[in-house]
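Residue strings, one per chain:
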Amino acid sequence: MKFKLLILSILFSLSGLAQNKGVITGVLTDKDMNNAPLPFANAKIKGTNIGVTTDENGKYKISVVAGNHIIQFSFIGYENVEVAVTVKADETIEVNRALGAAGYKIEDVVIQKASSSKEKESALLTEQKNAVDIKQSIGAQELSRKGVSDVATAVTKTTGITKQEGSGNIFVRGLGDRYNSTTMNGLPIPSNDPEKKNLNLEIFSTDIVEYVSIDKVYSSKLFGDFAGGNVDIVSKDFKGKGFLKLEIGSKINTNAVNENDFNLQKGYNSFGFSNPSIPSNGLTEYNFNTLQLESKSPVASSIGISGGETFNVGSSGKLNVFGTISYGNEVNSITDGSVKSINGTGVINKDFEKFTNMSFGTNTTGMANIGYKMNSNHKINFNSVFINTSTQSKEEFTGYFVDGAEDNNGFIRRNKYDKNTLWINQLLGDHKLSERSKFNWAVSLNSITGSQPDRTQNILNNNSGDYVLLSQSASNNHRYFQELKETEVATNLSVDYKFNKNEEGDFKGKFTAGYSAKIKKRDFEATQFNFKSNNSHLADVVDINNLDLFFNQQNYTNDFFEISTFRGDFSAPNALKPQFYKGDLLVSGGFLNTEYKFKKLTTVLGLRAEYLLQKVNWNTSLDPIGDKDELIKLAFLPSLIMKYELNKKQNLRFGFSKTYTLPQFKERALFIYEEVNETKIGNPNLYESDDYNFDLKWEMFPKSEEVISVTGFGKYIQNPINEVTIVSSTNDVSYINTGDFGYVAGAEVEFRKLLFNVKEGNSKKLSAGINASYLYSNQELNSTKVIRETDYNVSFTNKESKLTGASDLLLNADISFLKEWNNKESNLTSTIAYTQFSDRVYSIGTNGRGNQVDKAFGSLDFITKVKLNKSLGLGFVAKNLLNPSINRVQENDNGDVTVLAYKKGMNLSLNINYQF
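Residues numbered from 1 in each chain as written. Predicted model: local features only at pLDDT ≥ 70, side-chain atom pairs only at ≥ 80, totals over all residues. Heavy atoms only, no water.

Draft legend 1. Focus on the overall build of the protein. Within the protein, the regular secondary structure consists of eight helices and 52 strands. Within the protein, buried positions represent 55% of all 916 residues. The long-range share in the protein, meaning contacts at least 24 apart out of those at least 6 apart in sequence, stands at 70%. Of the side chains in the protein, 101 bear a positive and 102 a negative charge, and the two mean positions are spaced by 10 Å. (Helix = DSSP H or I, 4+ residues; strand = E, 2+ residues; numbered from the N terminus. Buried < 20%, exposed > 50% of the residue type's maximum accessible area, 1.4 Å probe, protein only. Contact = heavy atoms within 4.5 Å. Lys, Arg positive; Asp, Glu negative; His and termini not counted. Charge placed at Lys NZ, Arg CZ, Asp CG, Glu CD.)

What follows is the structure, encoded as structure tokens:
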């Protein structure tokens with residue numbers, strides 16, 4: 001009887017307890033991502049073990065005893081939020097919260113089942129901490145904070161990377177374009193420059209970027225043409241609430257606005273889609289575009305619109321759609337410039353006391369991203385990116401040069417227009433087949449058309465204001481047309497299989513087998529029309545601002561000048577046939593990675609086998625008959641990555657690999673390209689380099705937004721490739737395997753610190769970051785090897801040299817302040833950023849000349865952005881505030897000689913954005 005009463009008492013108590021319960025429900029969202037749902041975040045009743053994780057839509061539901069409670073919301077990479085609630089029996093209350101990044105401690109977060117937004121700095125640091133691969137990433141949040149508008153500048157904000165002044169070419173740990181690679185979402189993308197391996201990263205606007213990842217340590221999933229680093233541009237993957245955002249802006253360059261008359265060649269529109277073609281009957285008629293100049297506004301502008309929406313498909317599917325289109329232009333002017341060319345004994349070939357460059361650039365970018373998530377196991381993404389860029393420039397050189405301007409009365413004007421149209425199309429799939437296995441696939445079809453239509457050059461003497469065309473050489477006055485067309489098909493396939501499941505349900509090991517391939521086809525052709533004054537008109541005075549008065553159909557008919565190409569005049573056979581080269585590249589490789597976790601030590605052992613075939617054929621002014629060449633390589637590329645967890649906050653990492661460096665098409669084609677101050681020709685005897693890479697890294701993550709790391713690295717390069725001046729009548733530059741070896745050794749340090757973080761009321765946060773790298777590089781220079789292996793003769797001034805592009809010291813530093821008010825709907829962010837690099841070798845000295853060295857300088861930027869309310873925002877960016885003189889010297893035995901100097905001016909921009 002007593003036992004029955006006890007059972008009834010317990011059941012009655014439980015019944016009453018159940019009747020005294022209530023429910024807390026709600027949705028957690030990402031405050032910094034347009035309040036997108038935050039899946040797998042934590043909702044927990046403080047002081048208890050009662051807690052749940054949000055579902056894929058950010059929803060949660062907790063049953064609790066009636067009374068007063070504190071509910072805690074948290075997620076790795078985000079702030080902790082506590083909310084006091086009162087729950088009544090049989091009542092459901094709703095508590096919704098938006099979480100943002102803040103200075104929490106990593107160990108406070110218990111559950112992590114999905115990655116947070118990789119646009120956020122804290123989330124990327126968390127991924128860096130947990131990943132086995134050694135990499136660095138910079139997300140959209142940090143790029144915005146630092147006022148970065150293009151990917152080239154973005155990567156220079158990471159440790160050990162600099163950008164070559166005046167271009168989008170980057171150097172990773174002192175290794176230039178040929179040693180690096182560029183991908184988008186893991187798939188290769190083509191170059192827009194016939195001389196370069198990689199795309200000019202300046203044309204990639206950060207508007208389409210979620211984050212940029214830089215792999216400095218090789219992994220076998222990457223193609224083997226790798227030594228410096230791989231830059232992977234990860235495009236935006238929209239999730240969350242629908243939005244529509246409009247942004248307009250304006251920008252000035254202080255040099256450009258101070259010009260008395262900012263003018264460029266007529267005939268090109270302001271949108272960047274002009275594309276003049278080679279005129280018909282170009283050797284028998286003069287029907288070329290005008291050489292006259294027209295004034296342009298020195299004030300640049302931009303406009304952009306972006307939007308996204310999410311649609312439910314069936315019971316578990318989601319369709320995310322994101323699109324953006326933008327147009328922007330910029331105006332730049334180089335002032336206080338000078339250019340000089342001098343040999344090793346001090347004899348001056350060129351001495352332009354005045355050098356100016358005015359330019360007008362455009363960028364039109366469109367992107368569509370469609371993501372279809374069938375369920376939690378299967379997802380397909382489609383990305384299409386269209387980028388059209390153009391740069392119109394006018395360079396003018398005034399001063400001395402041999403063979404025509406010995407009286408210091410030379411004048412050269414070069415008008416140039418470069419247009420590049422890039423179209424990237426990608427389809428990617430991510431499939432979880434079972435608890436143990438996963439299948440990823442990706443395919444891409446990319447194309448690029450890069451043209452330099454109607455580059456013009458005129459060389460004259462200025463005789464006390466009377467300008468006379470110089471015609472010692474037929475090519476002094478010319479018009480040049482070039483076009484590059486490249487298509488590339490690529491694929492990535494990989495299968496993961498996990499094994500050895502422990503008692504906690506985690507797998508200790510994983511096999512990854514994969515295959516990747518790319519097929520590239522390039523067609524490049526160029527035609528140059530030379531205009532040579534006939535003997536009876538060599539002394540004709542011309543109007544420098546209206547050269548059409550001399551170069552016109554009537555004067556051509558009257559035999560004032562003659563027109564020819566490199567094949568001859570109109571009477572020569574095939575005179576209008578362009579010089580060309582064609583390139584085909586096949587790279588096909590398979591890999592196997594084995595990853596295993598031994599308590600605190602995780603290792604990844606990889607092996608990649610790769611076959612490549614590069615074919616080049618040409619018909620050029622250097623080889624009018626034409627020829628062809630092939631390069632074949634079968635490479636076995638081992639790699640080892642190790643990660644040791646010293647404790648919850650510290651890791652020790654190690655990496656070793658073997659890779660190679662492949663010459664580019666144009667470097668191996670017997671083609672000549674002329675600039676005002678140098679001429680480059682290809683070398684059919686050029687061959688690949690082999691590279692051995694080593695890394696050792698220690699890192700600590702004190703808090704979510706903090707990191708301290710120290711890295712030591714080394715690289716050994718067999719048969720390094722360099723650009724050098726060969727022995728020739730015109731001092732041509734070619735591409736040469738300059739020695740048997742080269743090596744790089746150095747150290748990198750990174751430190752990010754949250755100086756203070758006040759959460760109460762109108763929250764305030766001050767953070768700072770600094771990264772620095774020290775680099776030592778050396779390579780053998782062997783003239784005998786060059787003469788033995790090529791058809792060229794090179795006489796190196798020194799027997800060894802630093803690697804070109806390598807700075808001994810690189811430094812990036814920034815400090816940022818954030819203040820929020822109006823219930824965090826309004827905020828102010830201000831950042832001061834500074835970049836400094838030391839001297840770096842631009843080109844290797846030959847024939848008694850010393851190395852040409854770009855001298856050290858620093859750049860200071862200020863960025864401030866204000867969000868006035870949840871819809872309206874303002875931004876102001878001031879770049880290159882110090883406006884230093886940029887100098888290049890030639891280090892001759894009898895002293896340094898400045899061969900290039902100029903100032904870029906400051907860039908000031910203001911933008912307004914409104915989100916509906």
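From this point, the narrative continues.
Draft legend 2. Just empty space enclosed by the protein, in detail. What the rule picks out here adds up to ten cavities of 30 Å³ or more. In this structure, the largest cavity occupies an estimated 120 Å³ of space. Taken together, 14 residues form the lining of the largest cavity, with Gln-136, Lys-216, Lys-697, Thr-711 and Glu-748 sitting closest to its centre. For the lining of the largest cavity, the secondary structure elements donating two or more residues are strand 10 (135–139), strand 37 (689–700), strand 38 (707–718) and strand 41 (741–758). (1 Å grid on protein atoms, 1.4 Å probe; cavity = no way out; pocket = protein on both sides within 12 Å on 5 of 7 lines; lining within 4 Å. Points joined across faces, edges and corners; volume = space filled by probe spheres on them.)

Draft legend 3. Here's a closer look at the packing of aromatic side chains. Applying the stated criterion across every chain yields a total of 36 aromatic pairs. Above the face of the Phe-360 ring, Lys-296 is positioned so that its terminal group lies 4.8 Å from the ring centre. Residue placement shows Lys-582 over the ring face of Phe-580; its charged tip is 5.6 Å from the ring centre. (Phe/Tyr/Trp six-rings, centres within 6.5 Å; stacked < 30°, edge-to-face > 60°. Lys NZ or Arg CZ within 6 Å of the ring centre and 35° of its normal.)

Draft legend 4. View of the nonpolar core. Among the nonpolar cores identified, the biggest contains 63 residues, and Val-151, Val-155, Phe-204, Val-212 and Leu-422 are the most heavily contacted of them. Apart from residues no more than four positions distant in its own chain, Leu-422 is found in contact with Pro-190, Leu-199, Ile-203, Phe-204, Val-385, Phe-386, Ile-387, Ser-447 and Ile-448. The next biggest cluster of nonpolar side chains, apart from the first, holds 22 residues, and it includes Phe-481, Phe-551, Tyr-556 and Phe-561. (Core = buried A, V, L, I, M, F, W, Y, C linked by side-chain atoms within 4.5 Å.)

Draft legend 5. Representation of the sheet that holds strand 13 (residues 180–184) within the structure. Pairing in this open sheet of five strands is mixed, and the strands run 10-15-16-13-14 from one edge to the other. The open sheet terminates on both sides in strands that have one partner only, identified here as strand 10 and strand 14 (187–188). Of the strand pairs in this sheet, strand 15 (residues 209–215) and strand 16 (residues 229–235) are connected by six bridges, and their pairing is antiparallel. By the bridge assignment, Val-209 is partnered in strand 16 with Ser-235. (Pairing = 2+ DSSP bridges.)

Draft legend 6. Region of the structure containing the pattern of salt bridges. Considering all chains together, one arrives at 33 salt bridges under this definition. A salt bridge links Lys-680 to Glu-723; the shortest N-O distance between them is 3.3 Å. Of the two residues, Lys-680 sits in strand 36 (residues 679–681) while Glu-723 sits in strand 39 (residues 721–725), which places them 43 residues apart along the sequence. Judged by its relative accessible area of 26%, Glu-723 falls in the partly exposed class. A salt bridge links Glu-750 to Arg-752, with the shortest nitrogen-to-oxygen separation between them at 3.2 Å. We note that Glu-750, like Arg-752, is buried. Through salt bridges that share partners, Glu-486, Glu-488, Lys-520 and Arg-522 make up one connected network. (Salt bridge = Lys/Arg side-chain N within 4 Å of Asp/Glu carboxyl O.)

Draft legend 7. Local environment of the sheet that holds strand 4 (residues 51–53). The strand order across the open sheet built from four strands is 4-3-6-7, with neighbouring strands paired in antiparallel fashion. Looking at strand neighbours, the two that pair on one side only are strand 4 and strand 7 (81–87), the edges of this open sheet. The mean inter-strand angle of the sheet, taken between neighbouring strand axes irrespective of direction, is 20 degrees. One ladder, built from four bridges, connects strand 3 (residues 42–45) with strand 6 (residues 67–74); its direction is antiparallel. (Axes fitted to C-alpha atoms, helices over the stretch in contact; angles between N-to-C directions.)

Draft legend 8. Just the environment of Ala-41, in detail. Secondary-structure assignment places Ala-41 in the loop between strand 2 (36–37) and strand 3. Residues within four places of Ala-41 in sequence aside, it is in contact with Leu-28, Val-52, Thr-53, Thr-54, Ser-74 and Phe-75.

Draft legend 9. How the structure looks around the pairing of strand 33 (residues 627–645). Of the strand pairs in this sheet, strand 32 (residues 601–619) and strand 33 are connected by 18 bridges, and their pairing is antiparallel. Along strand 33, the bridge assignment pairs Val-616 with Asp-629. Strand direction decides the pairing type here: strand 33 and strand 34 (residues 650–661), joined by seven bridges, are antiparallel. Across the sheet, residue Leu-640 finds its bridge partner in strand 34, namely Phe-656.

Draft legend 10. Quick peek at the side chain of Gln-265. With respect to the helices and strands, Gln-265 occurs in strand 18 (residues 263–265). In this structure the side chain of Gln-265 is engaged in a polar contact, spanning 2.8 Å, whose partner is the backbone oxygen of Thr-290. Contacts of Gln-265, omitting those with residues within four sequence positions, involve Thr-290, Leu-291, Gln-292, Leu-293, Glu-294, Gln-392, Asn-415, Thr-456 and Arg-479. (Polar contact = N/O pair within 3.5 Å; in protein donor to acceptor, adjacent residues only side chain to side chain.)

Draft legend 11. Main features of a nonpolar patch on the surface. The grouping of Leu-244, Leu-246, Ile-248, Ile-303, Ile-305, Ile-325, Leu-868, Leu-874, Ile-912, Tyr-914 and Phe-916 at the surface amounts to a nonpolar patch, some 940 Å² of accessible area in total. Taken together, the elements giving at least two residues each to the nonpolar patch come down to strand 17 (243–253), strand 20 (299–313) and strand 52 (907–915). Per element, the largest residue contribution to the nonpolar patch is three residues, and it comes from strand 17. Here Leu-874 shows up in strand 49 (residues 872–879). By relative accessible area, which is 33% here, Leu-874 ends up partly exposed. (Patch = residues over 30% accessible without salt bridge, like charges linked within 9 Å, V, L, I, M, F, W, Y side chains within 5 Å. Areas by Shrake-Rupley, 256 points an atom, 1.4 Å probe, with all protein chains shown as cover.)

Draft legend 12. Quick look at the environment of Ile-70. By the secondary structure assignment, Ile-70 is in strand 6. Judged by its relative accessible area of 34%, Ile-70 is partly exposed. The residues touching Ile-70, leaving out its near neighbours within four places in the chain, are Lys-44, Ile-45, Lys-46, Glu-82, Val-83 and Ala-84.

Draft legend 13. Just unusual backbone geometry, in detail. In this model, Asn-408 sits at a positive phi of 60 degrees, which is unusual for a non-glycine residue. Looking at the element boundaries, Asn-408 is found in strand 24 (residues 405–432). You can call Asn-408 partly exposed: its relative accessible area is 36%. Phi angles above zero are rare outside glycine, and Ser-464 is one such case at about 55 degrees. Here Ser-464 falls in the exposed class, since its relative accessible area comes to 79%.

Draft legend 14. Highlighting the confidence of the model for the protein. Here the protein shows a mean pLDDT of 86. Residues at 70 or above account for 92%. When the criterion is pLDDT under 50, residues 10–18 qualifies, and its contacts beyond four places in sequence or with other chains add up to zero contacts. (pLDDT = per-residue confidence, 0-100.)

Draft legend 15. View of the environment of Lys-88. By secondary structure assignment, the location of Lys-88 is in the loop between strand 7 and strand 8 (92–94). Owing to a relative accessible area of 54%, Lys-88 belongs among the exposed residues under this scheme. The spacing of Lys-88 and Val-841 is 753 residues in sequence and 74 Å in space, taken between C-alpha atoms.

Draft legend 16. Spatial organisation of the side chain of Arg-849. Checked against the element boundaries, Arg-849 lands in the loop between strand 46 (840–843) and strand 47 (852–854). One polar contact links the side chain of Arg-849 to the main-chain carbonyl oxygen of Ile-342, over a distance of 3.5 Å.

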